[in-house]
Amino acid sequence: MQKNSIVGRRFPWHIVVFLAPAVLVYTLFMVYPLLDSLRLSFFTTTANERVFAGLQNYVKLFTNENWSWNFWNAFRNNIIFFIIHMLVQNPIGLLLASILAAKVKLHEVYRTVLFMPTVLSVVIIGFIWQLILNPLWGVAQSILELVNLGELYGPWLGRPESALITISLISVWQFVGIPMILFYTALIGIPEELVEAARVDGANGWDVFWRVKFPLILPTVGIVAILTFVGNFNAFDLIYTMKGALAGPEFSTDIMGTFFYRTFFGQQLQLGNPTMGATVAAMMFLIILIGVLIYLFLWQRRITTYEV
Amino acid sequence: MATVAESARHDLHLGHRIRRWLGGLGPHAVLLAYAVIALFPIIMILMNSFKSRQAIFGQPFQLPFGEAFDPVGYQTAFARADFVQFFENSIIVTGVSLILVLLAGSMAAYALAEYDFPGNPLLGLYLAIGIMIPIRLGTVSILELMVDLQLVNTLYSLILVYTAQGLPLTIFILTEFMRQVPREMKDAARIDGASEYRIYLLVLPMVRPALGAIGIFTMIPIWNDLWFPLVLAPSSRTATITLGVQQFLGQFVSDWNAVLAALSLAMVPILILYIIFSRQMIRSITAGAIK
């Protein structure tokens, strides 16, 4: 790649003009707030004045019984939320993508239909499932009775032990289109000759998939995993829509996003606390950063050797 | 002996054929099953939104014809909430943000791809950080900034935040695409005396497929977002359709007709747009794969 050398010419104003709008908006409304929010996590508000408090907020978050219980509860729930996505959403996405990539009849129609829930708002999805699962309406129950599984039905969203799993599966239902389309893109990009060569060597479909295709799409596996991680630890809308800011029952569906919102804006009787909110956001920042760094330095570095 | 061998071969042949036939059927069974799972809840809502309360609960699986038909839910929805205003807000916010993201993003991507100025790779890295770090984590400071700028409860606040949110990925992808535009073409234009701005306008149509895909992936999260409308512009005058529906549903939670109608109203425009553009959309996403 060669570029125009600008050395020895007059000042290239056009480069500034091209870059300025994006750099300004990005810096002012994204980078600055993120950094300022980190800064605020070291402050506290007393008598309407913001004073530097060092690590006080963090100490409070981890040692105050109430705060630390909420934090670890939200963190644990978020891990469960993420694990369910990794174990259910991404394998289903891969399965659907591999079938679609085989160019079965009507694959374009299937592709359109399967991706459909993904384009809808999480708010709509949350309400739709709330209605479908509602015992008053009884639609879910009727369906289960149809396949003789009627006794399995229960108020899943209302029970502390099943609410989080139910909401996770609803999120999986909505977002399965994303891994599907990413895997699909990777799979149809595999050169036909490689697959043919394996077939000639006597490999069956199963072998071709796991020994030839899967290693070739490993970079996409990594991308899907990190996108799922960032998306899950940033999730909020679905739980807020279905369960409100209190993420009930008994905080059993509370994840980092809802905990952040509650801390920042307050809830029924408790006032919001911006600096503690910033502290929770800083912890989310740290969690996501660790995930991204693991992806960049452990996964991606190891995976490059496989690239063709 | 010969007949045994022949019949064995015949069996093998038959077995192979059955397996092939089943093998062809299996994928369809999986796709069809999942398609039903994907569509069923959406269809249930759309269908029942046109029915009377009695029919919704009495025959939820029946089509909304004959006696079951009743548009009362839509009447309530339109009478009690300004859905037209919500749509207008969403269209303005999404449309203006999208134009700004594509314009500012393509300009920056062009500069990064085209000119070798000091600090170029560093600036590219700086602009890419935002791909992985969600802008939501800066909400506390964004709200304070918007209060200082007196932009709370205006659509401007949403447009500025969504533009900032959309830029990092847009710039990252477009820079890659712009690097692939042949050098000869730009140099020929330069020899003809074209200005750098003119060359940018020349390059832009050549990355159109990328612009399309980025446009869609910028648009969907903006249209569907609940967080920033809730935090920055929650007034009924500035509510987007996502927030408007969320608040409406919270208020009318026991009026099933109105709830189903509001959900359908929020879904239908996106579904229509999606069905019209889905082929181009998926093609532009997968375009990078087929070289």
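Quick caveat: nothing in here was measured; it's all calculated off a predicted structure. (Residues numbered from 1 in each chain as written. Chains lettered and ligands numbered in written order. Predicted model: local features only at pLDDT ≥ 70, side-chain atom pairs only at ≥ 80, totals over all residues.)

### Here's the deal with the overall build of chain A
A count of helices and strands for chain A gives 14 helices and 5 strands. What you see for chain A is a C-alpha radius of gyration of 24 Å, clearly larger than the 19 Å of a compact globule of 308 residues, by over 25%. By principal-axis analysis of the C-alpha atoms, chain A measures approximately 80 × 75 × 30 Å. Counting every position in chain A, which comprises 308 residues, the buried fraction comes to 39%. Contacts in chain A between residues at least 24 apart in sequence constitute 66% of all its contacts with a sequence separation of at least 6. (Helix = DSSP H or I, 4+ residues; strand = E, 2+ residues; numbered from the N terminus. Rg over C-alpha atoms; globule rule 2.2 N^0.38 Å. Buried ≥ 20, exposed ≤ 12 C-beta atoms within 10 Å, placed from the backbone. Contact = placed C-beta atoms within 7 Å.)

### Section: the overall build of chain B
Scanning chain B for helices and strands turns up 13 helices and 1 strand. Ordered by position from N to C terminus, the α and β elements of chain B give α-α-α-α-β-α-α-α-α-α-α-α-α-α. Summarising its shape, the C-alpha atoms of chain B cover approximately 80 × 70 × 35 Å along the three principal directions. Sequence separation of 24 or more characterises 74% of the internal contacts of chain B that already satisfy a separation of 6 or more.

### Some thoughts on the interface of chain B and chain A
Contacts between chain B and chain A engage 70 residues on the former and 69 residues on the latter. Among the elements that take part in the side of chain B that touches chain A, helix α1 (residues 2-48) of chain B stands out by supplying 12 residues, more than any other. For the side of chain B that touches chain A, the residue count by class is 50 nonpolar, 14 polar and 6 charged. (Nonpolar A, V, L, I, M, F, W, Y, C, P; charged D, E, K, R; others polar.)

### Remarks on the pairing of strand β2 (residues 43-46) of chain A
Residues and elements named next belong to chain A. Relative to strand β3 (residues 49-52), β2 runs antiparallel, the two sharing 4 bridges. Bridge pairing links Thr44 to Val51 in β3. Where β2 hands over to β3, the hairpin turn is made up of 2 residues, of which Ala47 adopts a positive phi near 50°. (Pairing = 2+ DSSP bridges.)

### Examining the nonpolar core
Ranked by internal contacts, the top residues of the largest apolar core, which has 160 residues, are A:Ala22, A:Met284, B:Ala108, B:Val161, B:Ala262 and B:Leu263. For this core, the element with the most residues is helix α4 (residues 83-114) of chain B, which contributes 14 residues. What A:Met284 contacts, discounting residues up to four positions off in sequence, is A:Phe233, A:Met256, A:Phe260 and B:Leu137. (Core = buried A, V, L, I, M, F, W, Y, C linked by C-beta atoms within 7 Å.)

### Some thoughts on the packing of helix α8 (residues 177-188) of chain A against helix α11 (residues 218-232) of chain A
When two helices pack together, their arrangement is given by the angle between their axes and by how far apart the axes lie. Residues and elements named next belong to chain A. It is at 9 Å that the axes of α8 and α11 come closest, and there the two elements cross at 165°. Relative to α11, the element α8 is oriented roughly antiparallel. Viewed along their axes, α8 and α11 form a crossing whose handedness is right-handed. From α8, Pro179, Leu182, Phe183 and Ala186 reach across to α11, where they touch Thr220, Ile223 and Val224. Looking at the contact of α8 with α11 residue by residue, the class counts come to 6 nonpolar, 1 polar and no charged. (Axes fitted to C-alpha atoms, helices over the stretch in contact; angles between N-to-C directions. Parallel < 35°, antiparallel > 145°, perpendicular 65-115°, else oblique. Left-handed = near helix turned anticlockwise from the far one by under 90°.)

### A short note on the confidence of the model for chain B
Should pLDDT be low for a region, the predicted coordinates there are not to be read in detail. When pLDDT is averaged across chain B, the result is 87; 90% of the residues are at 70 or more. ipTM for the predicted complex: 0.85, alongside a pTM of 0.87. (pLDDT = per-residue confidence, 0-100.)

### Quick look at unusual backbone geometry
In this structure, the amide linkage connecting A:Gly248 to the following residue, A:Pro249, adopts the cis form with an omega of -10°. Among the secondary structure elements, A:Pro249 is positioned in the loop between α12 (237-243) and α13 (256-265). One non-glycine residue, A:Glu250, lies in positive phi territory at about 55°. Summarising the element assignment, A:Glu250 is placed in the loop between α12 and α13. For A:Glu250, a count of 12 C-beta atoms within 10 Å gives the class exposed. One non-glycine residue, B:Gln150, adopts positive backbone phi at about 55°. On the secondary structure map, B:Gln150 appears in the loop between α6 (139-148) and α7 (155-179).

### Here's the deal with the packing of helix α3 (residues 65-101) of chain A against α11(A)
Residues and elements named next belong to chain A. At a minimum axis separation of 10 Å, α3 and α11 run at an interaxial angle of 145°. In the crossing of α3 with α11, the sense of the turn from one axis to the other is right-handed. Contact with α3, carried on its side by Asn78, Phe81, Phe82, His85, Met86 and Asn90, involves Val224, Ala225, Thr228, Phe229 and Asn232 of α11 and no other residues of that element. A per-class count over the contact of α3 with α11 returns 6 nonpolar, 5 polar and no charged.

### Topic: the environment of B:Thr175
Residues and elements named next belong to chain B. Within the fold, Thr175 resides in helix α7. C-beta crowding within 10 Å serves as the criterion here: with 21 such atoms nearby, Thr175 is assigned to the buried category. C-alpha of Thr175 to C-alpha of Ala258: the two residues are 83 residues apart in sequence and 47 Å apart in space. If we ignore the near neighbours within four places in the chain, the residues touching Thr175 are Ala109, Leu112, Ala113 and Gly124.

### Considerations on the environment of A:Gly93
Residue and element names in this part refer to chain A. The residue Gly93 is located in helix α3 in this model. C-alpha separation for the pair Gly93 and Tyr184, spaced 91 residues apart in sequence, amounts to 8.8 Å. Once residues within four sequence positions are removed from consideration, Gly93 is found in contact with Val176, Pro179, Met180 and Phe183.

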